[in-house]
Every structure is written in structure tokens, then in C-alpha cells.
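# Structural characterization, general
As a plain string of letters, each chain reads:
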Amino acid sequence: MILKEAYRYQNFLDRLLSEAQSFLLSESFITNVKQTHHRKKTNPEAEDEVVEVKKKTVTEDLKLVSAPLFTPMQAVNFSVKVLEEKEKLSLAILAAKKTTKIDMDHTVAMNKKRQEFISTLKYMDGIKDKEEKTSGTDYKFNQEGNQVSYCYDVDEVITIDFDRKDIKGLIKKLTKQCDELSITLDGLLVTTEVDYTPTWDINDSLEDIILEN
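Reference entry: report on the structure contained in this document. Because the structure is a prediction, the values reported are computed rather than measured. (Residues numbered from 1 in each chain as written. Predicted model: local features only at pLDDT ≥ 70, side-chain atom pairs only at ≥ 80, totals over all residues. Heavy atoms only, no water.)

### Thoughts on the packing of aromatic side chains
As a reminder of what qualifies: Stacked, edge-to-face and tilted are the three classes for Phe, Tyr and Trp ring pairs, Trp counted by its six-membered ring, which pair at centre distances within 6.5 Å; planes under 30 degrees apart are stacked, over 60 edge-to-face, the rest tilted. Counting from the N terminus, the helices are DSSP H or I runs at least four residues long and the strands are E runs at least two residues long. Categorising residues by exposure relies on relative accessible area from a 1.4 Å probe, with only protein chains included: less than 20% of the type maximum marks a residue as buried, more than 50% marks it as exposed, and the intermediate range marks it as partly exposed. Two thresholds decide whether a charge sits over a ring: the Lys NZ or Arg CZ must be within 6 Å of the ring centre and within 35 degrees of the ring normal.
Taken as a whole and judged by the stated rule, the model has 7 aromatic pairs. Both rings, one in Tyr 9 and one in Phe 12, keep their centres 5.4 Å apart while their planes meet at 50°; by these two values the pair is tilted. You can see Tyr 9 and its partner Phe 12 sitting in helix H1 (residues 3–24), 3 residues apart, about one turn around the helix. Residue classification places Tyr 9 among the buried residues on the basis of a relative accessible area of 3%. Owing to a relative accessible area of 3%, Phe 12 belongs among the buried residues under this scheme. Here the aromatic residues Tyr 9, Phe 12 and Tyr 196 are joined through ring pairs into a cluster of three or more. Above the plane of the ring of Tyr 150 lies Lys 140, whose end atom (NZ or CZ) is 5.6 Å from the centre.

In C-alpha cells form, the structure reads like this:
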């Protein structure tokens, strides 16, 4: 598979693991409930009854739904398999990246930092010279000799303390660099081969996969 598919499959494994763990974190799924209804004690004409409560599990929106057909231990054992597959795939991706002409992780990280810096430069470029009227407060003594406060007008002139032309030039230069590296990275995603064979179909559900294994 190519690197782009490997990343997609890696996300698929993460979803499987997360979903399996959500079942294992549901107490109603990992326990059995048996109820003994003592009807006869209060109603001699009735019979006592032992009821095995059907398993339920809780979804992310806290709604109770019927539990899947697989057992808690099947979910546990499957989670271990997913972890093993994720480890295998991660090592295969790492090996594939070592064959590329650039260090992809480093390039992605640096591009992110450049883009953050570009946002800062664009903020600077948006600052304009301006004049504002504000007010200040001071104190003076009145005719009775008491200290009192008074307000007065303040004219404030705000000017940029940088070369806008240089800032615009940097924005253009760094944006071009980011774009060129992004194109290179996109190309590597679809041309770099990863030595890994998927274990499960990415379109299958967690329940289908567990029950098939």
C-alpha cells in the first residue's frame, strides 16, 4: 500500500481500538446481572422468578442500546490484536519514510511553524497608523487647599515600528516555501510504498471483524 493508504488504515485501527474500549468501559457490558423476583413473599398466588437481564451498553450520547454479539473477552483479545497490528504498521511506515528524499515528519513540523509565523506576520501587516483621542486623569489643589482629580484630553498618535514592505516580502517568501513543501509531501504520500498488508477490510464494522476472527 502507499503511504496515504497506510495513514488511513492507521486511523481505522485507532477507531477500532477506541470503539472496543468504549464497550469495555461500559459496566453493563462487562458484567452479568441476575435478578431474583420474590413475588411469592408478598403474593402467595404468584411464583418467584429468576431473570437473566439482557446485556446493554452505553453509547457516547449516553443512550442504552443492545449489546453486540461478541463477549467482553473477545473484545479484550481483539484489542490486543489491534495494538499488535498498529505496532507493525507504525514500524512499516517508519521504514518507508526513511526511503524518502526529505524527512517528512521534520518537514511537516517546520511547515506548521512557518504557517504559524505567517499568521503573526499577517497580523502585523494589518496594523495601521492611526490617531486616537483618549482622556487622562491628574490631581490639583482647589481653592480650599484640597487635592482633587480632574480629566483632560489626550491626543494619541500610533505608528508602526517595523518596515511593512519587509513584512509583506517575508509573508510572500514563506508562503511560497510552505506551498512548495506541501506539494512535495503530497507527492510522497501517493508514491511512497509501505511494506504492510492490511489484516481487516477498512469498511467492516467492529462487530463483523471480531465475529469473523
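### A short note on the nonpolar core
Rule in force here: Put simply, buried Ala, Val, Leu, Ile, Met, Phe, Trp, Tyr and Cys residues joined by side-chain atoms within 4.5 Å make one nonpolar core. When checking whether two residues touch, look at their non-hydrogen atoms; a contact exists if any pair is within 4.5 Å.
Formed by 28 residues in total, the largest nonpolar core has its most connected members in Leu 16 and Trp 200. Of all the secondary-structure elements, those providing two or more residues to this core are H1, helix H3 (72–97), helix H5 (164–191) and helix H6 (206–212). Of the residues forming this core, the biggest block, 9 residues, is contributed by H1. The residues touching Leu 16, leaving out its near neighbours within four places in the chain, are Phe 78, Val 82, Trp 200, Leu 206 and Ile 209.

### Observations concerning the packing of H1 against H3
The following threshold applies: Every axis in this analysis is a line fitted to C-alpha atoms, fitted for helices over the stretch in contact. Angles between the N-to-C directions lie between 0 and 180 degrees. An angle below 35 degrees is treated as roughly parallel, one above 145 as roughly antiparallel, one from 65 to 115 as roughly perpendicular, and anything else as oblique. By convention the crossing between two helices is left-handed if the near helix lies anticlockwise of the far one by an angle smaller than a right angle, and right-handed if it lies clockwise. Side-chain classes follow a simple rule in which Ala, Val, Leu, Ile, Met, Phe, Trp, Tyr, Cys and Pro form the nonpolar group, Asp, Glu, Lys and Arg form the charged group, and the remainder, Gly included, forms the polar group.
Two elements in contact, H1 and H3, have axes separated by 9 Å at closest approach and are oriented at 160°. When the axis of H1 is compared with that of H3, the two are roughly antiparallel. Where H1 crosses over H3, the two elements pack in a sense that is left-handed. When the residues that make up the contact of H1 with H3 are grouped by side-chain class, the tally is 17 nonpolar, 3 polar and 4 charged.

### Let's talk about the pattern of salt bridges
Short version of the rule: Salt bridges are counted wherever a side-chain nitrogen of Lys or Arg sits within 4 Å of a carboxyl oxygen of Asp or Glu.
For the structure shown, the criterion picks out 10 salt bridges. For Lys 168, the salt bridge identified is with Asp 125, shortest N-O distance 3.0 Å. Here Lys 168, found in helix H5, pairs with Asp 125, found in helix H4 (residues 104–126); they are 43 residues apart in sequence, far enough to count as distant. By relative accessible area, which is 14% here, Asp 125 ends up buried. Two residues, Lys 133 and Asp 155, come together in a salt bridge whose shortest N-O distance is 2.7 Å. With Lys 133 in strand S5 (residues 130–141) and Asp 155 in strand S6 (residues 147–158), this residue pair connects regions lying 22 residues apart in the sequence.

The values reported here are purely geometric and, on their own, carry no functional implication.
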